[in-house]
Amino acid sequence: MIIIDKISERKNEFIELPDEKLSKKTSLENCLLNLFHWKEKKKEIHEKKIKVALKINSDEELIFGENDLRYIKMIQINFLNFKDGRPFTLAKKLRKKFLYKGEIRASGNILPDQFVFLLRCGFDTVEIKEMEKDTWLELLEFDDGLYYQP
Amino acid sequence: MYKYSEIDKKIVANRVKQFKNQVDRRLSGKLTEDEFKPLRLMNGLYLQLHAYMLRVAIPYGELSSKQLRQLAFIADKYDRGYGHFTTRQNIQFNWPKLPDVPEILEELSKVEMHAIQTSGNCIRNISADHLAGLTIEEIEDPRPWCEIIRKWSTFHPEFSFLPRKFKIAVTGCSEDRAAILVHDIGLRLIKDKGDIGFEVFVGGGQGRSPYIAKKIKNFLPKKDLLNYLEAILTTYNQLGRRDNIYKARIKILLNELGIEKFKEFVEENFKRFSNKKLILDKSTIKNIFKFFKLPSLKPGLEKVPEIKNSLFLEWKNQNVLPHKHPNYSIILVSLKSNEKPPGDASSIQMRKLADIADKYSFGEIRVTHEQNLVLPHVENSRVYEIWNELLNINLATPNIGLITDTICCPGMDYCALATARSIPISQKITDHFKNYSHQKEIGDLKIKISGCINACGHHHVGNIGILGLDRKGKEFYQITLGGSAKENASIGQIVGPSFSEKDLMGAIEKIIKVYKKNKIYEKEDFLSVFKRIGIKKFKEKLYDNN
Amino acid sequence: MINIANMAKKLEGHTFLLSANDLKTGKVLFYTSNGWLPELNKAIKIEKKSIEKYEKLLKIDEENCLIVSGRFVELNDSGSIKNLRDKIRSSGLTFKI
Ligand code: SF4
């Protein structure tokens, strides 16, 4: 899998570890945590002021406390099904309600035809198969920046 | 009529290219059917029983003669020479081929038309009162508002993958001809202390669980329209059920939460997310309204002359309405002759009608949700002339609002979801009651027929509703009585066990008999009698074996 | 009509035809000894026990972008199509247009 933004491939600075390795790890810096682990380690993250990334599934509810977002460098929203449009609203909420400035990434079952919508709702990057990269970037060419919505 | 701006043109042209790319990827196998399906649906392309079907948007039901001619051209070149007008004021072609569809879309774009969001789980074509801008009692023309909503909802990045389809209708009158109370959102323009704004209804719908919409806002200022719609859609997109397709419409969410709780969410989203750029300022509104001015109408005869021709007089009586300009009339063109499925028009009829519209009605045509057409501005002095021309193309059936003016979905003849046929039923009814004076004696009566519980034929809100069912491989029809889609909207009550195809006409006859016997004054209509006497008398007659 | 997604286990009846729509034209096709053809009377009759083999075939032809919306059409004891939808699907509209 590779990460692309609207221009090209990006280096993935986050690592996702299986449970057993995660528990042995001394620093969580730049680890991609699922909702369960994130809740579990929240105290530690806040105390040590560690920056992590959070991965949630499109059907999971995200409830934040004050300051939580400060330590989340990246939020990865994993589409269980590309027809499930909830992440579009979630991304909008993150940007507009929580004024989240970090990276928002889409992964999972998504189509290149959704790229423009994703970007317009506040996503920055997508995680895709390397062989699909050209199609994803090609389809962006249909985007001429003309939209009815502000 | 609305004219595309440069932006509209580019957006539609771009969409054509994009869809061509999607079709190419499908044909070469880069997209699976599962992936392609939502993409093609968002572009109005279905796969039915025998072929693909393309649904073309007719925003708020308004067509120009040029557009109608182009539809005729498409019907001939890419289809089988006809089109079907739907209950959401759109048109469907029943036989296009997949590789041709991008080309069809290109032909449509030449006359400022498209198939965007005519299907799929997104905000569908906005529908409106087909007499918008034509009646005296109207508070304000709904069409400019539909156009404003059309733009906002087109390719909305957040709302293109909703839990389920989403339909919005707008009316500017207290009399409801747009069935706003059976839409996901219904908007009615109202006046409050001199200000005009919207009364907002939400959660209406038909299908498996029919609901009449509930009022969520007594008065919404015009400027807030889009932000408020956005707040409703945000709530729905986030909370609407996605675990069960039959429970995914907003009506179910609303009923699970209760209107008060639902409203709290909406108001919260409205407060939190209101986007300054979505606030409609006066000049934006004014600019859109400019497109919908009446054409310049000239003085003439106060009344339509009473030519001594009984056929003409029947038609005039039934299909001609007064225009707000005293020297003009509104003509309703019935698509319910006994020769064609309801709502169908041949390419020849479309072309001729386009000519007639040019000659008599400023090139304007409208589509009604009852699957008829309208010629909006015809001089009183020329009504007889136009009747003659309509008669020549078999478009002068005098039955608007009568028992043979049925609403009918395509049913099992076309639709892969159907449980029974509906068009042959409608044809039987049209045949059985074809005598005008018999129909007239029965008076205003709406029969609505659906081929399955999805209710595209609006059977729940028919005065007489007919629902096709499959009983052990045989077609059966369930009858509901007392439904209405008007301002007094109600869901029909099931009268009892369903009828076989063979027994259905007899049952309808009996219903009509009960109605006739129980009217207390000559013009008392079916609905009023039903409300007065209730369902029991009908039941007794229908299931009495003696 | 029985959708392929429901798989063989759910099929009632004993004999079937294999049918689908042409991906390009949308036309109704039947599986015959000469491949996919519009002629109903050339369709191969399939016994329930060999359904799985045809399921695989269907999947391959779907993946090869030949057909879409594949399904097994149930036949009754006299060998004609059992349910109304499949009948209409194979013989066309039931009224004149
Ligand atoms: S009501 Fe049923 S049969 Fe009729 S068009 Fe809708 S889905 Fe098809």
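No experiment lies behind these values; they were computed from the predicted model shown. (Residues numbered from 1 in each chain as written. Chains lettered and ligands numbered in written order. Predicted model: local features only at pLDDT ≥ 70, side-chain atom pairs only at ≥ 80, totals over all residues. Heavy atoms only, no water.)

With that settled, consider helix α1 (residues 6-27) of chain B. Count 3.6 residues to each turn of an α-helix, and residues three or four apart come out pointing the same way. If you check α1(B), its first and last C-alpha atoms are 32 Å apart, about what 22 residues at 1.5 Å a residue would give, namely 32 Å. Residues of α1(B) that are buried include every one of B:Asp8, B:Ile11, B:Val12, B:Asn14, B:Arg15, B:Val16, B:Phe19, B:Asn21, B:Gln22, B:Val23, B:Arg25 and B:Arg26, and no others. In this structure, the buried residues of α1(B) make contact with α5 (133-140) of chain A, α2 (33-41), β1 (45-47), α4 (101-110) and α5 (143-153) of chain B together with β6 (67-74) of chain C. The positive-phi residue at the C-terminal boundary of α1(B) is B:Gly29, with phi of around 90 degrees. (Helix = DSSP H or I, 4+ residues; strand = E, 2+ residues; numbered from the N terminus. Expected span 1.5 Å × (residues − 1). Buried < 20%, exposed > 50% of the residue type's maximum accessible area, 1.4 Å probe, protein only. Contact = heavy atoms within 4.5 Å.)

For the rest of this paragraph, the subject is the domain arrangement of chain B. Residue and element names in this part refer to chain B. By the assigned domains, chain B splits into domain 1 (6-64 + 79-109), domain 2 (134-290), domain 3 (310-392) and domain 4 (407-542). Each of domain 2 and domain 3 was reduced to a C-alpha centroid, and the two centroids are 32 Å apart. Between domain 2 and domain 3, the residue contacts involve seven residues of the former and seven residues of the latter. Of the roughly 610 Å² buried between domain 2 and domain 3, counting both surfaces, carbon and sulfur atoms make up 59%. Contact with domain 3 buries surface across domain 2, with Leu134, Ile136 and Arg143 losing the most and accounting together for 76% of the total. At the junction of domain 2 and domain 3, the tally comes to zero salt bridges. In this structure, the connection of domain 2 to domain 3 is made through two residue pairs in polar contact (both at pLDDT 80 or more). Among the residues forming the side of domain 2 that touches domain 3, the class breakdown is four nonpolar, one polar and two charged. (Domains from an automatic or database assignment. Buried area = accessible area lost by both parts, 1.4 Å probe. Salt bridge = Lys/Arg side-chain N within 4 Å of Asp/Glu carboxyl O. Polar contact = N/O pair within 3.5 Å; in protein donor to acceptor, adjacent residues only side chain to side chain. Nonpolar A, V, L, I, M, F, W, Y, C, P; charged D, E, K, R; others polar.)

Here we come to the site of the ligand. The environment of the ligand is made up of B:Cys409, B:Pro410, B:Gly411, B:Cys415, B:Leu417, B:Ala418, B:Ser450, B:Gly451, B:Cys452, B:Asn454, B:Ala455 and B:Cys456. Looking at the shell around the ligand residue by residue, the class counts come to eight nonpolar, four polar and no charged. (Near = heavy atom within 4 Å.)

Every contact between the two is made by 20 residues of chain C and, on the other side, 30 residues of chain B. A buried area of about 2100 Å², summed over both sides, lies between chain C and chain B, and 67% of it is on carbon and sulfur atoms. A per-residue breakdown of the area chain C buries against chain B is headed by C:Leu23, C:Arg85 and C:Phe95, which together make up 27% of the total. Our enumeration of links across chain C and chain B arrives at zero salt bridges. If you look at where chain C meets chain B, you find seven residue pairs in polar contact (both at pLDDT 80 or more).

All names here are of chain B. With respect to the element layout, Gly172 can be found in the loop between β7 (168-171) and β8 (185-192). Taking C-alpha positions, Gly172 is 5.7 Å from Arg188, a pair spaced 16 residues apart along the chain. Excluding anything up to four places from it in sequence, Gly172 contacts Glu138, Ile139, Glu140, Pro142 and Leu189.

Residue and element names in this part refer to chain C. Along the polypeptide, Ile44 turns up in the loop between β4 (35-37) and β5 (46-47). Placed 14 residues apart in sequence, Ile44 and Phe30 show a C-alpha to C-alpha distance of 8.0 Å. Not counting chain neighbours up to four residues away, the residues in contact with Ile44 comprise Phe16, Leu17, Tyr31, Thr32, Ser33 and Tyr54.

Bringing the nonpolar core into the picture now. What tends to happen in soluble globular proteins is that the nonpolar side chains get buried as a cluster. Formed by 152 residues in total, the largest nonpolar core has its most connected members in B:Leu71, B:Phe85, B:Ile185, B:Trp315, B:Ile331 and B:Leu375. Once residues within four sequence positions are removed from consideration, B:Phe85 is found in contact with B:Ile58, B:Leu63, B:Leu68, B:Asn90, B:Ile91, B:Leu335, B:Gly343, B:Ala345, B:Val367, B:Gln371 and B:Leu373. Counting 39 residues, the second largest nonpolar core, distinct from the first, contains B:Ile429, B:Phe433, B:Phe499 and C:Phe95. (Core = buried A, V, L, I, M, F, W, Y, C linked by side-chain atoms within 4.5 Å.)

In this section: the sheet that holds strand β2 (residues 9-10) of chain A. Residues and elements named next belong to chain A. Pairing is mixed across the open sheet formed by seven strands, whose spatial order is β2-β1-β7-β6-β5-β4-β3. Pairing within the sheet leaves two strands with one partner each, and these edge strands are β2 and β3 (32-34). The pairing of strand β6 (residues 103-108) with strand β7 (residues 125-128) spans two bridges and is classified as parallel. Looking at the pairing, Arg105 lines up with Thr125 of β7. Docked against the sheet, helix α2 (residues 35-48) engages β3, β4 (52-57) and β5 (72-79), running at close to 115 degrees with respect to β3. Helix-sheet contacts for α5 involve β1 (2-4), β2 and β7, and the interaxial angle to β1 is about 10 degrees. (Pairing = 2+ DSSP bridges. Axes fitted to C-alpha atoms, helices over the stretch in contact; angles between N-to-C directions.)

This brings us to the sheet that holds strand β6 (residues 127-128) of chain B. All names here are of chain B. Strand order in the open sheet formed by five strands is β6-β7-β8-β9-β10, with mixed pairing between adjacent strands. One side of each edge strand has no neighbouring strand; the edge strands of this open sheet are β6 and β10 (214-221). Sheet topology note: the strand β9 (residues 195-202)/β10 ladder contains five bridges and is antiparallel. Paired with Val202 across the two strands is Lys214, which belongs to β10. Running at roughly 155 degrees to β7, α5 makes contact with β6, β7, β8 and β9 of the sheet. Seen against the sheet, helix α6 (residues 225-239) touches β8, β9 and β10 and runs at an angle of roughly 150 degrees to β10.

Further remarks concern the interface of chain B and chain A. Residue-level contacts link 40 residues of chain B with 27 residues of chain A. Taken together, the two surfaces of chain B and chain A that pack against each other cover about 3200 Å², and 62% of this comes from carbon and sulfur. Per-residue buried area on chain B facing chain A is highest for B:Pro157, B:Phe161 and B:Phe273; these three make up 23% of the total on that side. Taken together, chain B and chain A are joined by four salt bridges. Across the pair B:Arg25 and A:Asp113 runs a salt bridge, and its minimum N-O distance is 2.8 Å. Our count for the chain B to chain A interface comes out at 15 residue pairs in polar contact (both at pLDDT 80 or more). When contributions to the side of chain B that touches chain A are tallied by element, the ones reaching two or more residues are α1, α2, α5, α6 and α8 (259-273) of chain B. Counting residues per element, the side of chain B that touches chain A draws most heavily on α1(B), which supplies ten residues. Counted by class, the side of chain B that touches chain A contains 13 nonpolar, 13 polar and 14 charged residues.

With that settled, consider the side chain of B:Arg25. Topologically, B:Arg25 is positioned in helix α1. For B:Arg25, a relative accessible area of 7% puts it in the buried group. For B:Arg25, the contacting residues outside a window of four places in its chain are A:Pro112, A:Asp113, A:Thr135, A:Leu139, B:Lys30 and B:Leu31.

Residues and elements named next belong to chain B. At a closest axis distance of 11 Å, the pairing of helix α13 (residues 423-432) and helix α15 (residues 501-518) adopts a crossing angle of 45 degrees. Comparing their axes, α15 and α13 come out oblique. Pair α13 / α15 crosses with right-handed handedness. Side by side, α13 and α15 meet where Ile425, Lys428, Ile429 and His432 of the first sit next to Glu501, Leu504, Met505, Ile508 and Glu509 of the second. Taken together, the residues of the contact of α13 with α15 sort by class into five nonpolar, one polar and three charged. (Parallel < 35°, antiparallel > 145°, perpendicular 65-115°, else oblique. Left-handed = near helix turned anticlockwise from the far one by under 90°.)

Moving on, we come to the packing of aromatic side chains. Scanning the entire structure with this criterion turns up 28 aromatic pairs over all chains. A centroid spacing of 5.1 Å and a plane angle of 75 degrees characterise the contact between A:Phe115 and A:Trp136, whose relative ring orientation is edge-to-face. Placement of the pair is A:Phe115 in helix α4 (residues 115-120) and A:Trp136 in helix α5, with a sequence separation of 21 residues. Grouped by ring-pair contacts, the aromatic residues A:Phe79, A:Phe88, A:Phe123 and B:Phe161 constitute a single cluster. In this structure, B:Lys261 is placed above the aromatic ring of B:Phe265, and the distance from its NZ or CZ to the ring centre is 5.4 Å. (Phe/Tyr/Trp six-rings, centres within 6.5 Å; stacked < 30°, edge-to-face > 60°. Lys NZ or Arg CZ within 6 Å of the ring centre and 35° of its normal.)

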